[in-house]
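Chains, contacts and geometry: an overview
Residues per chain, in single letters:
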Amino acid sequence: MLDSDFGPDLMALLSREVLRERAAALIAEACAWAVGLSDHPHHTRLRGRVVATGLTIGARAATGQPLSGEEDGRLELGDARPGSFQDALNTVTAEGTLYAERFDREVIDPFVRDTCVRAAERARQTRPRDWAELLDELGEDGADLVEVVRVGEWEAPLRIDAEHLVLAALGGAPLVEVEAEGLPLSLVRAAEAVTRAAAPPAVPETGPGVDELAGALFLAEAAIGAAGLPRPVPVAAADRLLDVLLAEGLLPEEVPALLPHLPVEPGTAAEVRATIAALGL
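Residues numbered from 1 in each chain as written. Predicted model: local features only at pLDDT ≥ 70, side-chain atom pairs only at ≥ 80, totals over all residues. Heavy atoms only, no water.

Here we take up the overall build of the chain. When its secondary structure is counted, the chain shows 13 helices and two strands. Taking all 281 residues of the chain together, the buried fraction comes to 41%. Put simply, of all contacts in the chain between residues at least 6 apart along the chain, 63% involve residues at least 24 apart. Approximately 14600 Å² of the chain is accessible, and the part contributed by carbon and sulfur atoms is 54%. (Helix = DSSP H or I, 4+ residues; strand = E, 2+ residues; numbered from the N terminus. Buried < 20%, exposed > 50% of the residue type's maximum accessible area, 1.4 Å probe, protein only. Contact = heavy atoms within 4.5 Å. Areas by Shrake-Rupley, 256 points an atom, 1.4 Å probe, with all protein chains shown as cover.)

So, on to the pattern of salt bridges. Taken as a whole and assessed by the stated rule, the structure comprises 13 salt bridges. Between D114 and R118 there is a salt bridge, and its shortest N-O distance comes to 2.9 Å. Remark: R118 and D114 occur in helix α5 (residues 99-126); sequence separation between them is four residues, near one turn of the helix. On the basis of relative accessible area, D114 is assigned to the partly exposed category, the value being 30%. R159 serves as the salt-bridge partner of E155, at 3.7 Å between the closest nitrogen and oxygen. (Salt bridge = Lys/Arg side-chain N within 4 Å of Asp/Glu carboxyl O.)

Below, the discussion takes up the nonpolar core. Core analysis: the biggest nonpolar cluster contains 48 residues, and W33, F85, F103, W154 and V166 have the highest contact counts within it. With twelve residues, α5 is the single largest residue contributor to this core. (Core = buried A, V, L, I, M, F, W, Y, C linked by side-chain atoms within 4.5 Å.)

Okay, the packing of aromatic side chains next. Tallied over the full model, the rule gives two aromatic pairs. Ring geometry for W33 against F103: centres 4.9 Å apart, planes inclined by 65°, an arrangement best described as edge-to-face. Of the two residues, W33 sits in helix α2 (residues 23-34) while F103 sits in helix α5, which places them 70 residues apart along the sequence. The exposure class assigned to W33 is buried, which follows from its relative accessible area of 16%. The class for F103 is buried, based on a relative accessible area of 3%. Both rings, one in F85 and one in F103, keep their centres 5.9 Å apart while their planes meet at 85°; by these two values the pair is edge-to-face. Taken together, the residues F85 in helix α4 (residues 85-89) and F103 in helix α5 connect sequence positions 18 residues apart. (Phe/Tyr/Trp six-rings, centres within 6.5 Å; stacked < 30°, edge-to-face > 60°.)

Bringing the side chain of H42 into the picture now. Structurally, H42 is set in strand β1 (residues 41-46). By relative accessible area, which is 1% here, H42 ends up buried.

Now for the pairing of β1. Pairing analysis gives five bridges linking β1 to strand β2 (residues 49-56), with the strands arranged antiparallel. Residue pairing across strands places T44 opposite V51, the latter belonging to β2. Taken together, β1 and the strand that follows it, β2, pair antiparallel across an intervening segment of two residues, in which R47 is found at a positive phi of about 50°. (Pairing = 2+ DSSP bridges.)

Below, the discussion takes up unusual backbone geometry. In this structure, P232 follows R231 across a cis peptide bond, with omega equal to -5°. Relative to the helices and strands, P232 resides in the loop between α10 (210-227) and α11 (238-247). If you check the backbone angles, E153 has positive phi at about 60° while not being a glycine. With respect to the helices and strands, the residue E153 is situated in the loop between α7 (145-152) and α8 (155-170).

With that settled, consider the environment of A88. Mapped onto the elements of the fold, A88 is located in helix α4. Overall, A88 belongs to the buried group, its relative accessible area being 0%. Apart from the residues lying within four places of it in its own chain, the contact partners of A88 are L37, L67, Y99 and L175.

So, about helix α6 (residues 128-138). Every buried residue of α6 is accounted for by D130, W131, L134, L135 and L138. Along α6, the residues classed as buried sweep out an arc of 145° about the axis, all on the same side. Turned more than 90 degrees from where α6 packs its buried face, R129 and D136 sit exposed. After α6 finishes, the residue G139 shows a positive phi value of roughly 75°. (Arc of directions from axis to C-beta.)

Turning our attention to the packing of α5 against α8. Taken N-terminus to C-terminus, the directions of α5 and α8 make an angle of 120°; their axes are 9 Å apart at the nearest point. The orientation of α5 relative to α8 falls into the category oblique. Pair α5 / α8 crosses with right-handed handedness. On α8, the residues touching F103, D104, I108, D109, V112, R113, T115 and C116 of α5 are E155, L158, R159, A162, E163 and V166. Looking at the contact of α5 with α8 residue by residue, the class counts come to seven nonpolar, one polar and six charged. (Axes fitted to C-alpha atoms, helices over the stretch in contact; angles between N-to-C directions. Parallel < 35°, antiparallel > 145°, perpendicular 65-115°, else oblique. Left-handed = near helix turned anticlockwise from the far one by under 90°. Nonpolar A, V, L, I, M, F, W, Y, C, P; charged D, E, K, R; others polar.)

Written out as C-alpha coordinates, the structure is:
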(Lines give C-alpha, C1' and ligand atoms only; values in the text may rest on other atoms or scores of the structure.)
Protein backbone atom coordinates (compact mmCIF):
# COMPACT_ATOMS: atom_id res chain seq x y z
CA MET A 1 0.00 0.00 0.00
CA LEU A 2 2.76 2.45 0.97
CA ASP A 3 4.61 2.69 -2.34
CA SER A 4 5.66 6.35 -2.32
CA ASP A 5 8.25 8.00 -0.08
CA PHE A 6 7.18 8.03 3.53
CA GLY A 7 6.34 11.51 4.83
CA PRO A 8 3.77 13.64 6.61
CA ASP A 9 1.31 13.43 3.70
CA LEU A 10 1.50 9.67 3.64
CA MET A 11 1.12 9.60 7.42
CA ALA A 12 -2.08 11.56 6.96
CA LEU A 13 -3.27 8.94 4.48
CA LEU A 14 -2.42 6.19 6.93
CA SER A 15 -4.41 7.98 9.64
CA ARG A 16 -7.43 8.12 7.34
CA GLU A 17 -7.03 4.43 6.60
CA VAL A 18 -7.11 3.60 10.32
CA LEU A 19 -10.11 5.90 10.77
CA ARG A 20 -12.02 4.02 8.07
CA GLU A 21 -11.21 0.75 9.81
CA ARG A 22 -12.53 2.17 13.09
CA ALA A 23 -15.64 3.80 11.61
CA ALA A 24 -17.99 1.38 13.37
CA ALA A 25 -16.33 2.10 16.72
CA LEU A 26 -16.67 5.84 16.14
CA ILE A 27 -20.38 5.51 15.38
CA ALA A 28 -20.83 3.40 18.52
CA GLU A 29 -19.08 6.02 20.66
CA ALA A 30 -21.27 8.74 19.17
CA CYS A 31 -24.42 6.79 20.02
CA ALA A 32 -23.19 6.16 23.56
CA TRP A 33 -22.45 9.87 24.02
CA ALA A 34 -25.99 10.78 22.93
CA VAL A 35 -27.61 8.68 25.68
CA GLY A 36 -29.46 10.97 28.09
CA LEU A 37 -29.46 13.95 25.75
CA SER A 38 -33.25 13.78 25.46
CA ASP A 39 -33.55 14.42 29.20
CA HIS A 40 -31.64 17.73 29.05
CA PRO A 41 -33.70 20.93 29.33
CA HIS A 42 -34.18 22.55 25.96
CA HIS A 43 -32.80 26.06 25.43
CA THR A 44 -32.95 28.48 22.56
CA ARG A 45 -31.42 31.84 21.80
CA LEU A 46 -33.95 34.64 21.73
CA ARG A 47 -32.80 38.14 20.78
CA GLY A 48 -29.28 37.30 21.87
CA ARG A 49 -30.25 35.69 25.19
CA VAL A 50 -30.30 31.99 26.00
CA VAL A 51 -33.70 31.07 27.43
CA ALA A 52 -35.31 27.80 28.54
CA THR A 53 -38.36 26.71 26.60
CA GLY A 54 -39.80 24.71 29.49
CA LEU A 55 -39.46 21.41 27.63
CA THR A 56 -36.78 18.77 27.52
CA ILE A 57 -34.96 18.12 24.26
CA GLY A 58 -36.75 14.78 24.00
CA ALA A 59 -40.22 16.22 24.58
CA ARG A 60 -39.67 18.89 21.97
CA ALA A 61 -38.33 16.36 19.49
CA ALA A 62 -41.35 14.10 20.10
CA THR A 63 -43.71 16.90 19.05
CA GLY A 64 -41.83 17.49 15.81
CA GLN A 65 -40.53 20.91 16.79
CA PRO A 66 -37.02 21.90 15.66
CA LEU A 67 -34.41 21.73 18.41
CA SER A 68 -31.93 24.24 16.99
CA GLY A 69 -32.67 27.91 16.56
CA GLU A 70 -31.99 30.30 13.72
CA GLU A 71 -29.80 32.84 15.53
CA ASP A 72 -26.72 30.67 15.84
CA GLY A 73 -25.43 27.25 14.93
CA ARG A 74 -23.05 25.67 12.48
CA LEU A 75 -23.82 26.10 8.83
CA GLU A 76 -22.84 22.52 8.07
CA LEU A 77 -25.44 21.34 10.60
CA GLY A 78 -28.23 23.50 9.24
CA ASP A 79 -31.36 22.23 7.48
CA ALA A 80 -31.48 19.27 9.83
CA ARG A 81 -34.63 17.23 10.18
CA PRO A 82 -36.44 18.28 13.41
CA GLY A 83 -35.69 15.91 16.25
CA SER A 84 -32.74 14.30 14.49
CA PHE A 85 -29.29 13.74 15.96
CA GLN A 86 -27.91 16.46 13.70
CA ASP A 87 -30.60 18.85 14.93
CA ALA A 88 -29.65 18.05 18.54
CA LEU A 89 -25.98 18.73 17.85
CA ASN A 90 -26.86 22.20 16.58
CA THR A 91 -28.90 23.01 19.69
CA VAL A 92 -27.70 25.64 22.14
CA THR A 93 -26.82 24.59 25.70
CA ALA A 94 -27.67 26.49 28.88
CA GLU A 95 -24.16 27.98 28.75
CA GLY A 96 -24.73 29.40 25.27
CA THR A 97 -22.48 26.94 23.43
CA LEU A 98 -23.60 24.18 21.09
CA TYR A 99 -23.92 20.50 21.86
CA ALA A 100 -21.80 20.01 18.75
CA GLU A 101 -18.90 21.68 20.55
CA ARG A 102 -19.28 19.34 23.50
CA PHE A 103 -19.52 16.38 21.13
CA ASP A 104 -16.31 17.42 19.39
CA ARG A 105 -14.50 17.83 22.71
CA GLU A 106 -15.73 14.62 24.32
CA VAL A 107 -15.94 12.24 21.34
CA ILE A 108 -14.35 13.46 18.13
CA ASP A 109 -11.15 14.94 19.56
CA PRO A 110 -10.08 11.97 21.74
CA PHE A 111 -11.15 9.42 19.11
CA VAL A 112 -9.17 11.19 16.38
CA ARG A 113 -6.15 11.52 18.64
CA ASP A 114 -6.25 7.81 19.44
CA THR A 115 -6.67 6.99 15.76
CA CYS A 116 -3.60 9.04 14.86
CA VAL A 117 -1.61 7.34 17.60
CA ARG A 118 -2.65 3.93 16.24
CA ALA A 119 -1.59 5.03 12.77
CA ALA A 120 1.78 6.09 14.19
CA GLU A 121 2.16 2.71 15.88
CA ARG A 122 1.42 0.97 12.58
CA ALA A 123 3.95 3.12 10.76
CA ARG A 124 6.58 2.41 13.42
CA GLN A 125 5.99 -1.34 13.20
CA THR A 126 5.66 -1.73 9.43
CA ARG A 127 8.08 0.91 8.15
CA PRO A 128 10.73 1.40 10.87
CA ARG A 129 13.31 3.04 8.61
CA ASP A 130 10.84 5.51 7.12
CA TRP A 131 9.40 6.12 10.59
CA ALA A 132 12.87 7.03 11.85
CA GLU A 133 13.29 9.49 8.99
CA LEU A 134 9.93 11.07 9.77
CA LEU A 135 10.87 11.48 13.43
CA ASP A 136 14.08 13.15 12.37
CA GLU A 137 12.11 15.59 10.21
CA LEU A 138 9.79 16.40 13.10
CA GLY A 139 12.60 16.68 15.64
CA GLU A 140 11.07 14.01 17.88
CA ASP A 141 12.52 10.89 19.46
CA GLY A 142 9.26 8.92 19.20
CA ALA A 143 9.03 8.10 22.91
CA ASP A 144 5.69 9.92 23.23
CA LEU A 145 3.46 9.12 20.27
CA VAL A 146 0.81 11.61 21.41
CA GLU A 147 3.41 14.35 21.20
CA VAL A 148 4.56 13.10 17.79
CA VAL A 149 0.96 13.31 16.57
CA ARG A 150 0.62 16.83 17.94
CA VAL A 151 3.79 18.00 16.22
CA GLY A 152 2.83 16.26 12.98
CA GLU A 153 -0.53 18.10 12.95
CA TRP A 154 -2.46 15.16 11.52
CA GLU A 155 -5.46 15.55 13.81
CA ALA A 156 -7.11 18.66 12.37
CA PRO A 157 -7.94 17.31 8.88
CA LEU A 158 -8.90 13.93 10.35
CA ARG A 159 -11.47 15.59 12.62
CA ILE A 160 -13.32 16.75 9.53
CA ASP A 161 -13.36 13.21 8.14
CA ALA A 162 -14.57 11.85 11.46
CA GLU A 163 -17.39 14.39 11.68
CA HIS A 164 -18.48 13.54 8.14
CA LEU A 165 -18.56 9.84 9.00
CA VAL A 166 -20.77 10.47 12.03
CA LEU A 167 -23.17 12.76 10.20
CA ALA A 168 -23.43 10.40 7.24
CA ALA A 169 -24.36 7.53 9.54
CA LEU A 170 -26.43 9.27 12.22
CA GLY A 171 -27.19 12.82 11.14
CA GLY A 172 -30.71 12.22 9.88
CA ALA A 173 -31.64 9.54 12.44
CA PRO A 174 -34.12 10.47 15.19
CA LEU A 175 -32.32 11.33 18.41
CA VAL A 176 -34.30 8.75 20.37
CA GLU A 177 -33.11 5.97 18.04
CA VAL A 178 -29.48 7.05 18.35
CA GLU A 179 -29.81 7.01 22.14
CA ALA A 180 -31.37 3.54 22.11
CA GLU A 181 -28.52 2.23 19.95
CA GLY A 182 -25.93 3.68 22.29
CA LEU A 183 -27.37 2.53 25.60
CA PRO A 184 -25.35 -0.70 26.01
CA LEU A 185 -22.00 0.98 25.35
CA SER A 186 -22.91 3.98 27.51
CA LEU A 187 -23.36 1.64 30.47
CA VAL A 188 -19.92 0.18 29.81
CA ARG A 189 -18.35 3.63 29.61
CA ALA A 190 -20.05 4.69 32.85
CA ALA A 191 -18.71 1.62 34.64
CA GLU A 192 -15.21 2.30 33.30
CA ALA A 193 -15.37 5.89 34.56
CA VAL A 194 -16.35 4.71 38.04
CA THR A 195 -13.50 2.20 38.05
CA ARG A 196 -10.96 4.81 36.98
CA ALA A 197 -12.15 7.24 39.62
CA ALA A 198 -11.90 4.60 42.36
CA ALA A 199 -8.47 3.27 41.38
CA PRO A 200 -5.53 4.92 43.16
CA PRO A 201 -2.80 6.27 40.86
CA ALA A 202 0.10 3.92 40.33
CA VAL A 203 3.35 5.02 41.93
CA PRO A 204 6.59 3.34 40.80
CA GLU A 205 7.97 1.08 43.52
CA THR A 206 11.55 1.31 42.33
CA GLY A 207 13.76 3.77 40.57
CA PRO A 208 15.48 7.04 41.43
CA GLY A 209 13.50 9.78 43.12
CA VAL A 210 10.64 7.55 44.26
CA ASP A 211 10.20 9.38 47.56
CA GLU A 212 10.18 12.76 45.84
CA LEU A 213 7.69 11.53 43.25
CA ALA A 214 5.39 10.09 45.91
CA GLY A 215 5.35 13.38 47.81
CA ALA A 216 4.71 15.45 44.71
CA LEU A 217 2.04 13.00 43.59
CA PHE A 218 0.26 13.39 46.91
CA LEU A 219 0.25 17.17 46.49
CA ALA A 220 -0.96 16.91 42.90
CA GLU A 221 -3.81 14.53 43.80
CA ALA A 222 -4.88 16.82 46.64
CA ALA A 223 -4.80 19.87 44.35
CA ILE A 224 -6.93 18.17 41.68
CA GLY A 225 -9.47 17.12 44.29
CA ALA A 226 -9.62 20.56 45.91
CA ALA A 227 -10.07 22.25 42.52
CA GLY A 228 -13.00 19.98 41.67
CA LEU A 229 -11.55 18.97 38.32
CA PRO A 230 -13.31 16.05 36.57
CA ARG A 231 -11.56 12.67 36.56
CA PRO A 232 -9.99 11.89 34.22
CA VAL A 233 -9.16 15.53 33.54
CA PRO A 234 -10.24 16.29 29.93
CA VAL A 235 -8.20 18.13 27.34
CA ALA A 236 -10.38 21.21 27.71
CA ALA A 237 -9.17 21.57 31.32
CA ALA A 238 -5.45 21.15 30.56
CA ASP A 239 -4.59 24.80 31.23
CA ARG A 240 -6.62 24.77 34.42
CA LEU A 241 -4.84 21.61 35.54
CA LEU A 242 -1.42 23.18 35.05
CA ASP A 243 -2.47 26.30 36.95
CA VAL A 244 -3.73 24.17 39.84
CA LEU A 245 -0.53 22.11 40.04
CA LEU A 246 1.76 25.14 39.94
CA ALA A 247 -0.38 26.96 42.50
CA GLU A 248 0.08 23.97 44.81
CA GLY A 249 3.83 24.62 44.75
CA LEU A 250 4.87 21.93 42.30
CA LEU A 251 7.80 22.84 40.08
CA PRO A 252 7.28 22.91 36.29
CA GLU A 253 10.02 20.31 35.84
CA GLU A 254 8.19 17.96 38.23
CA VAL A 255 4.87 18.04 36.38
CA PRO A 256 5.76 15.92 33.27
CA ALA A 257 6.96 13.04 35.47
CA LEU A 258 3.71 13.14 37.46
CA LEU A 259 1.29 13.19 34.53
CA PRO A 260 1.40 9.42 33.75
CA HIS A 261 0.31 8.74 37.34
CA LEU A 262 -2.47 11.31 37.58
CA PRO A 263 -6.11 10.81 36.53
CA VAL A 264 -5.80 12.70 33.25
CA GLU A 265 -6.60 11.83 29.65
CA PRO A 266 -3.58 11.15 27.39
CA GLY A 267 -4.36 14.23 25.35
CA THR A 268 -4.48 16.35 28.50
CA ALA A 269 -1.00 15.20 29.50
CA ALA A 270 0.30 16.06 26.03
CA GLU A 271 -1.26 19.53 26.18
CA VAL A 272 0.28 20.24 29.60
CA ARG A 273 3.73 19.13 28.41
CA ALA A 274 3.39 21.28 25.30
CA THR A 275 2.38 24.31 27.35
CA ILE A 276 5.32 23.90 29.71
CA ALA A 277 7.70 23.61 26.76
CA ALA A 278 6.16 26.56 24.90
CA LEU A 279 6.32 28.84 27.92
CA GLY A 280 9.83 27.73 28.80
CA LEU A 281 8.80 26.92 32.37
